[in-house]
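Structural overview
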Amino acid sequence: MVRISTVVVDCYDAPGLAQFWAAVLNCPTRFEAEEYVVLMSAPEVAFQAVPDPTPGKNRWHVDLAVEDLAAETARLLELGATLVERVSMRGGEWSVLADPEGNQFCVVGPFDLDNA
């Protein structure tokens, strides 16, 4: 059986970015070393300091499911995220955001697939 155990984010400031995501996910830090921080989440999210940015757009991203899209988007913007775009299509709406280092993620409201 194969499962995702940890999603690892390469970044410049592992403690700083981990602090942002800990606030987003409302979870504590599980482990912290010099250049590596792991959050107590499911799956685990880890932040690994690297000297160079990953070139181009990130190829993986996280979708966060929420009940109140507008309220949660506003909360994440207050935490330091930036709005990339708002999308509405096929029975759903979501906000594409970027964390403080520019890694994009989506905040997804409830979908109505019956009316997609």
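Up top is the structure these notes are about.
What counts and how
- Residues numbered from 1 in each chain as written.
- Predicted model: local features only at pLDDT ≥ 70, side-chain atom pairs only at ≥ 80, totals over all residues.
- Heavy atoms only, no water.
- Phe/Tyr/Trp six-rings, centres within 6.5 Å; stacked < 30°, edge-to-face > 60°.
- Buried < 20%, exposed > 50% of the residue type's maximum accessible area, 1.4 Å probe, protein only.
- Helix = DSSP H or I, 4+ residues; strand = E, 2+ residues; numbered from the N terminus.
- Contact = heavy atoms within 4.5 Å.
- Pairing = 2+ DSSP bridges.
- Axes fitted to C-alpha atoms, helices over the stretch in contact; angles between N-to-C directions.

Section: the packing of aromatic side chains
Taken as a whole and judged by the stated rule, the model has two aromatic pairs. Aromatic pair Phe20 and Trp21: ring centres 5.5 Å apart, planes at 90°, arrangement edge-to-face. Classification of Trp21 by relative accessible area gives buried; the value is 7%. Look at Trp21 and Phe105: their rings are 4.6 Å apart centre to centre, the planes differ by 65°, and that puts the pair in the edge-to-face class. With Trp21 in helix 1 (residues 14–25) and Phe105 in strand 8 (residues 104–108), this pair connects stretches of sequence that are 84 residues apart. Ring pairing ties together the aromatic residues Phe20, Trp21 and Phe105, which thus form one cluster.

A look at the environment of Ala14
Looking at where Ala14 falls in the secondary structure, it is placed in helix 1. On the basis of relative accessibility, which here comes to 2%, the residue Ala14 falls in the buried class. Along the chain, Ala14 and Phe47 lie 33 residues apart, while their C-alpha atoms are 5.1 Å from each other. Beyond its immediate stretch of four places on either side in the chain, Ala14 contacts Glu35, Val37, Phe47, Gln48 and Ala49.

A look at the sheet that holds strand 7 (residues 92–98)
The four strands lie next to each other as 5-8-7-6, forming an open sheet whose pairing is mixed. Each having just a single partner strand, strand 5 (63–65) and strand 6 (82–89) make up the two edges of the open sheet. In this sheet, adjacent strand axes meet at a mean angle of 25° when their direction is disregarded. Taken together, the seven bridges between strand 6 and strand 7 define a ladder with antiparallel strand orientation. Looking at the pairing, Thr82 lines up with Ala98 of strand 7. The strands touched by helix 2 (residues 69–79) within the sheet are strand 5, strand 6, strand 7 and strand 8, with strand 7 carrying the most contacts at an inclination of about 0°.

Quick word on the pairing of strand 4 (residues 44–49)
Each regular strand carries side chains that alternate between the two faces of the sheet. Sheet analysis places strand 1 (residues 6–11) next to strand 4, joined by six bridges and oriented parallel. Bridge pairing in strand 4 places Cys11 opposite Ala49. Summarising the sheet, strand 3 (residues 36–39) and strand 4 pair through four bridges and their orientation is antiparallel. Bridge assignment links Tyr36 to a residue of strand 4, and that residue is Gln48. The loop that links strand 3 with its antiparallel partner strand 4 comprises four residues.

Just geometry here; none of it tells us what the structure is for.
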